[in-house]
Amino acid sequence: MKISARLADRNDEVEIDAIGAAIAEELQGQRGAAVHLAELSLTPEATVTFVGCIDDVVVGFARLRIQTFDSENTVGDVISYGVLADARGVGVGESMLDLVIEYCRDHGCTGIDAQALPGARETKNFFETFGFTARRLVVHHSLRAPD
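Here the structure is a predicted model, which means the values were calculated and not measured. (Residues numbered from 1 in each chain as written. Predicted model: local features only at pLDDT ≥ 70, side-chain atom pairs only at ≥ 80, totals over all residues. Heavy atoms only, no water.)

How should the pattern of salt bridges be read in this particular structure?
The full count for this structure, using the stated rule, is seven salt bridges. Across the pair Asp56 and Lys2 runs a salt bridge whose closest N-O atoms are separated by 3.5 Å. Placement of the pair is Asp56 in the loop between β2 (48-54) and β3 (57-70) and Lys2 in the segment before β1 (3-7), with a sequence separation of 54 residues. What makes Asp56 exposed here is its relative accessible area of 57%. The salt bridge involving Asp12 is made with Arg6; its shortest N-O contact spans 2.7 Å. (Salt bridge = Lys/Arg side-chain N within 4 Å of Asp/Glu carboxyl O. Helix = DSSP H or I, 4+ residues; strand = E, 2+ residues; numbered from the N terminus. Buried < 20%, exposed > 50% of the residue type's maximum accessible area, 1.4 Å probe, protein only.)

Printed below as a string of structure tokens:
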């Protein structure tokens, strides 16, 4: 089994969309997922997209946006990231995040942001293995009527 990651190209969009839909379905019902998914639909376009592969089959993606706030703060914002459930735990996510980090370093970023939903311990733990720590917590008070 060959694990790899690379820049995405136009031929990958169908697979990326399918993976995104599968991950969105998986997130349904998790705390914060409804607003998170709605927010993703409004997110500006990514600067770059990477794909993760097993034996050249796309099984994951990472969309990254570079944001320059001032001369001392340029941040790589991982706006969406995911690996198909059946392809997790073999290094696909790690390969993509290695590329994200390399890309951000090469483009003068001073840091990288990524998101994990509350309760998504595996996602949080995954990012922490790469040295990610919380820099901001977003708290939310829902005004929706209870089910």
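The discussion continues.
I keep staring at the sheet that holds β3 and nothing clicks. Help me out?
The pairing of strands in a sheet comes from backbone hydrogen bonds and takes either a parallel or an antiparallel form. Taken in spatial order, the five strands of this open sheet run β1-β2-β3-β4-β5, and their pairing is mixed. Looking at which strands have only one partner, the edges of the open sheet turn out to be β1 and β5 (111-113). Neighbouring strand axes in the sheet, compared pairwise and without regard to direction, differ in orientation by 25 degrees on average. Here strand β4 (residues 73-83) pairs with β5 via three bridges, running parallel. Paired with Gly76 across the two strands is Ile112, which belongs to β5. (Pairing = 2+ DSSP bridges. Axes fitted to C-alpha atoms, helices over the stretch in contact; angles between N-to-C directions.)

Would you explain the pairing of β2 in this entry?
Within a regular strand, the side chains alternate between the two sheet faces. Of all the seven residues making up β2, seven are buried; the element is thus mostly covered by neighbouring parts of the structure. Alternating residues of β2 divide into Val48, Phe50, Gly52 and Ile54 and Thr49, Val51 and Cys53, and every residue in both groups is buried. Pairing analysis gives five bridges linking β1 to β2, with the strands arranged antiparallel. Across the sheet, residue Ala5 finds its bridge partner in β2, namely Gly52. The pairing of β2 with β3 spans seven bridges and is classified as antiparallel. Pairing of Ile54 across the sheet is with Val57, part of β3. If you look at the hairpin formed by β2 and β3, you'll find two residues sitting between the two strands, and Asp55 has a positive phi there, around 50 degrees.

Would you mind going over unusual backbone geometry with me for this structure?
Trans peptide bonds make up the majority, and among non-glycine residues the majority have a negative phi. Of note in this structure, Asp55 is not a glycine but carries a positive phi near 50 degrees. By the element assignment, Asp55 lies in the loop between β2 and β3.

Looking at this structure, how should I read helix α3 (residues 92-106)?
At 3.6 residues per turn, the α-helix brings residues three or four places apart onto the same side. With 15 residues, α3 extends 21 Å from end C-alpha to end C-alpha; this agrees with the ideal 21 Å at 1.5 Å per step. Along α3, the residues that are buried comprise Val92, Gly93, Met96, Leu97, Val100, Ile101, Tyr103 and Cys104. The buried residues of α3 occupy one face: seen down the axis, they fall within an arc of 165 degrees. Along α3, exposed side chains directed more than 90 degrees from the buried face belong to Arg105 and Asp106. Looking at the buried residues of α3, the elements they touch are β1, β2, β3, β4, β5 and α4 (121-128). Taken from the residues just after α3, Gly108 is the one with a positive phi, measuring 70 degrees. (Expected span 1.5 Å × (residues − 1). Arc of directions from axis to C-beta. Contact = heavy atoms within 4.5 Å.)

I'm lost on the side chain of Thr74 in this one. Help?
Considering the arrangement of structural elements, one finds Thr74 in strand β4. Thr74 gets classed as buried once you look at its relative accessible area, which sits at 12%. In terms of polar contacts, Thr74 uses its side chain to reach the side chain of Thr68, at 3.4 Å. Thr74 has contacts with Ile66, Gln67, Thr68, Gly108, Cys109, Thr110 and Gly111, leaving out every residue within four places of it along the chain. (Polar contact = N/O pair within 3.5 Å; in protein donor to acceptor, adjacent residues only side chain to side chain.)

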